Amino acid sequence: MLMSNTDRPARLHFMANGFRVLTPGSHVTCALSGAAIDLDDLRYWSVARQEAYANAALALEAATKE
């Protein structure tokens, strides 16, 4: 029987130009807001922190906390 990835978080390895799926799933969680981000909509992340962000404003906020 095949398992569905619906409503299951993915585990990713973030790289400079993309990401690699380590554990299949439908979404990741934003590191700052806690919002679920569909993998198809994921555009912002930190390679250094290995964190995903829901939008550009949150990515900028995380970058300025360094």
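Structure first, text after, so check above.
Values in this document were obtained by computation on a predicted structure and should not be read as measured data.

Trainee: For the overall build of the protein, give the residues involved together with the corresponding values.
Mentor: Scanning the protein from N- to C-terminus turns up one helix and six strands. Element order for the protein, N to C, with α for helix and β for strand: β-β-β-β-β-β-α. Scored against the burial criterion, the 66 residues of the protein give a buried share of 26%. The long-range fraction of contacts in the protein, counting pairs at least 24 apart against all pairs at least 6 apart in sequence, stands at 25%. Split by element, the accessible area of the protein, about 4600 Å² in all, is 52% carbon and sulfur.

Trainee: Lay out unusual backbone geometry in plain terms, naming residues and giving numbers.
Mentor: Positive phi, close to 55°, is recorded for Gln50, a residue that is not glycine. The topology assignment puts Gln50 in the loop between β5 (44-46) and β6 (51-53). You can call Gln50 partly exposed: its relative accessible area is 30%.

So, how was this worked out
- Along each chain, numbering runs from 1 in the same order as the chain's sequence is written.
- Only residues with pLDDT of 70 or above have their local features reported here, since the model is predicted, and side-chain atom pairs are shown and tallied only from 80 upward, although totals for entire chains, interfaces and linings are computed over all residues.
- By convention in this description, side-chain values take in all heavy atoms of the structure and omit both hydrogens and water.
- Only DSSP runs of H or I with at least four residues qualify as helices, and only runs of E with at least two residues qualify as strands; both kinds are numbered from the N terminus onward.
- When accessible area is computed with a 1.4 Å probe and restricted to protein chains, residues below 20% of their type maximum are described as buried, those above 50% as exposed, and intermediate ones as partly exposed.
- In what follows, a contact means two residues having at least one pair of non-hydrogen atoms within 4.5 Å.
- To be clear on the numbers: accessible area is Shrake-Rupley with a 1.4 Å probe, and residue cover counts the displayed protein chains and nothing else.

Fair warning: the whole summary comes from geometry, so function is off the table for now.
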